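Coordinates in review
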Amino acid sequence: MFDYTVSTNKNMDEAIQSLEEYLKEEKFGVLWRFDIKEKLQEKGLDFHKEFKVLEVCNPQEAQRVLNENEMAGYFLPCKIVVYDDHGKVKIGMPKPTALISLLNDVKLKQFAKDIENRLIGCIDKCI
């Protein structure tokens, strides 16, 4: 499975706020919050679905991964999406293990699994 996605009973803002708090506990910061709906509407496109992308990073983990294999930089920072799916807020991400597996590096797979588990823990706490 390439992704991990859950539904939450929280609204969009509550989900993002709690996600950011749990990420902070794991020493992940939100580098950028991209509002796709806002950007597409700004460009004159008819798009009304709430869809936000959070780029998250733990600097120590990024350094560790990049020191092992610079090609891992293609997958950084990690992305977590929060979006409306027919009135239900969902939180999801591409699994770091799925992305890193493209590099065929056993040590990196172990790093990615640890990061993935921590990010999934943060997402699960938001339910």
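Note: the structure precedes this text.
Source: prediction; values computed, not measured.

Cut-offs applied
- Per-chain numbering applies: the sequence of each chain, read as written, is numbered from 1 onward.
- Owing to the predicted nature of the model, reporting of local features is limited to residues with pLDDT of at least 70; listing and counting of side-chain atom pairs is limited to 80 or more, with chain, interface and lining totals taken over all residues.
- Water and hydrogen atoms were dropped before computing side-chain values, which therefore reflect all heavy atoms in the structure.
- Paired strands, in this sense, are two strands between which DSSP finds at least two bridges.
- Only DSSP runs of H or I reaching four residues or more are called helices, and only runs of E reaching two or more are called strands; each is numbered from the N terminus.
- Every axis in this analysis is a line fitted to C-alpha atoms, fitted for helices over the stretch in contact. Angles between the N-to-C directions lie between 0 and 180 degrees.
- Relative accessibility decides the category of a residue: with a 1.4 Å probe and only protein chains considered, values under 20% of the type maximum give buried, values over 50% give exposed, and everything between is partly exposed.
- Whether two residues are in contact is decided by their heavy atoms: any pair within 4.5 Å suffices.
- Two N or O atoms form a polar contact when they lie within 3.5 Å of each other; inside protein one atom must be a possible hydrogen donor and the other a possible acceptor, and for residues adjacent in sequence the pair counts only when both atoms belong to side chains.
- A pocket, in this scheme, is an open set of points on a 1 Å grid over the protein atoms alone with protein on both sides within 12 Å along at least 5 of 7 lines, while a cavity is a set where a 1.4 Å probe fits but cannot get out; residues line either one if an atom lies within 4 Å of a point.
- Grid points are joined across faces, edges and corners, and a volume is the space filled by probe spheres set on the points.
- Residue polarity is assigned by list, with Asp, Glu, Lys and Arg as charged and Ala, Val, Leu, Ile, Met, Phe, Trp, Tyr, Cys and Pro as nonpolar; anything else, Gly included, falls into the polar class.

**Focus: the sheet that holds strand 5 (residues 88-94)**
Strand order in the open sheet formed by 5 strands is 1-5-4-3-2, and the pairing between neighbours is antiparallel. This sheet does not close on itself; its edge strands, each paired only once, are strand 1 (3-8) and strand 2 (29-35). Averaged over neighbouring strand pairs, the angle between their axes works out to 20 degrees when direction is ignored. In this sheet, strand 5 lies alongside strand 1 in antiparallel orientation, the contact comprising 6 bridges. Following the sheet pairing, S7 is matched in strand 5 by K90.

**Brief notes about the environment of N69**
Tracing the sequence through the fold places N69 in the loop between helix 3 (59-68) and strand 4 (78-85). Looking at N69, the relative accessible area reads 17%, which means it is buried. Those residues in contact with N69 that lie beyond four places of it in its chain are L103, D105 and L108. Here the side chain of N69 touches M71 through a polar contact of 2.9 Å, landing on its backbone nitrogen.

**Thoughts on empty space enclosed by the protein**
Counting across every chain of the model gives 1 cavity of 30 Å³ or more. Every residue lining the largest cavity is counted, 18 residues in all, and those nearest its centre are V65, L76, C78, P96 and I115. At the level of elements, strand 3 (51-57), helix 3, helix 4 (96-100) and helix 5 (106-125) are the ones that each hand at least two residues to the lining of the largest cavity. Broken down by element, the lining of the largest cavity gets its largest block of residues, 4 residues, from helix 5. Across the lining of the largest cavity, the residue classes tally to 16 nonpolar, 1 polar and 1 charged.

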